[in-house]
Amino acid sequence: QVQLVESGGGSVQAGGSLRLSCASSGFTHSNYYMGWFRQDPGKEREGVATIYRGSGITSYANSVEGRFTISQDNAKNTVYLQMNSLKPEDTAMYYCAAGLAGNLWLTSTWRYWGQGTQVTVSS
């Protein structure tokens, strides 16, 4: 029913840009949170950016503030993550998530997850 599908990952050199997309379907709520998380092998999944669909208010992890931008196209039920000035430490599997109110920086807050899209940044 509820499905999140990420796309747009790939390999890029340091300093380059990528735009990730998360297409969603099957939601019954018009107002909820969307988020991007990332995870490298052997590390915990960490929050990258969030957006509240109703207001468009966003939040970012300190590590990506000023470089990444989360946005939405509600008509297409799609959330984007524009990633600029990419660094090797940004390399990870990036996951799209959807959920309701809670601590947005805890993975347990989120109700639905996509399968992820790989981002690799080389130096």
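A brief report on the enclosed structure follows. (Residues numbered from 1 in each chain as written. Predicted model: local features only at pLDDT ≥ 70, side-chain atom pairs only at ≥ 80, totals over all residues. Heavy atoms only, no water.)

### Focus on the state of the cysteines
What makes a disulfide is a covalent bond joining the sulfur atoms belonging to two cysteines. In plain terms, the rule: Counting rule for disulfides: a pair of cysteine sulfur atoms within 2.5 Å. Runs of H or I in DSSP of at least four residues are treated as helices and runs of E of at least two as strands, each being numbered from the N terminus.
All chains considered together, the criterion is met by 1 disulfide. Covalent S-S linkage joins Cys22 and Cys96, the inter-sulfur distance amounting to 2.0 Å. Disulfide Cys22-Cys96: torsion about the S-S bond near -80 degrees, hence left-handed. Here Cys22 is found in strand E3 (residues 18-25), whereas its partner Cys96 is found in strand E9 (residues 92-99), with 74 residues between them in sequence.

### A word on the pairing of E3
Stated formally: Strands pair, by our definition, only if DSSP identifies at least two bridges between them.
Relative to E3, strand E1 (residues 3-7) runs antiparallel, the two being bridged by 5 bridges. The residue of E3 that forms the bridge with Glu6 is Cys22.

### Brief notes about the pairing of strand E7 (residues 68-73)
Two strands pair when backbone bridges link them, and E7 and strand E8 (residues 78-83) are joined in this way by 6 bridges, in the antiparallel orientation. The residue bridging Gln72 from the neighbouring strand is Val79, located in E8. Hairpin remark: E7 followed by E8, antiparallel, with 4 residues in the connecting loop; positive phi at Asn77, about 50 degrees.

### Concerning the side chain of Thr78
Test applied: Throughout, exposure labels follow a simple rule: accessible area from a 1.4 Å probe, protein chains only, divided by the maximum for the residue type, with under 20% read as buried, over 50% as exposed, and the rest as partly exposed. Two N or O atoms form a polar contact when they lie within 3.5 Å of each other; inside protein one atom must be a possible hydrogen donor and the other a possible acceptor, and for residues adjacent in sequence the pair counts only when both atoms belong to side chains. Note on contacts: a residue pair qualifies if any of its non-hydrogen atoms lie within 4.5 Å across the two residues.
Structurally, Thr78 can be placed in strand E8. Thr78 sits in the buried class, given a relative accessible area of 9%. A polar side-chain atom of Thr78 sits 3.0 Å from the main-chain carbonyl oxygen of Lys76. Apart from the residues within four sequence positions on either side, Thr78 is in contact with Ser21, Cys22, Ala23, Ser71, Gln72 and Asp73.

### Overview of the sheet that holds E7
Threshold: Fitted lines through C-alpha atoms give the axes, limited to the stretch in contact for helices. The angle between two N-to-C directions lies from 0 to 180 degrees.
Ordered in space as E1-E3-E8-E7, the 4 strands form an open sheet in which the pairing is antiparallel. Of all strands in the sheet, those with a lone pairing partner are E1 and E7, marking the two edges. On average, each strand axis in the sheet is tilted by 15 degrees relative to the strand beside it, whichever way the strands run. The sheet contact formed by E3 and E8 spans 6 bridges and is antiparallel.

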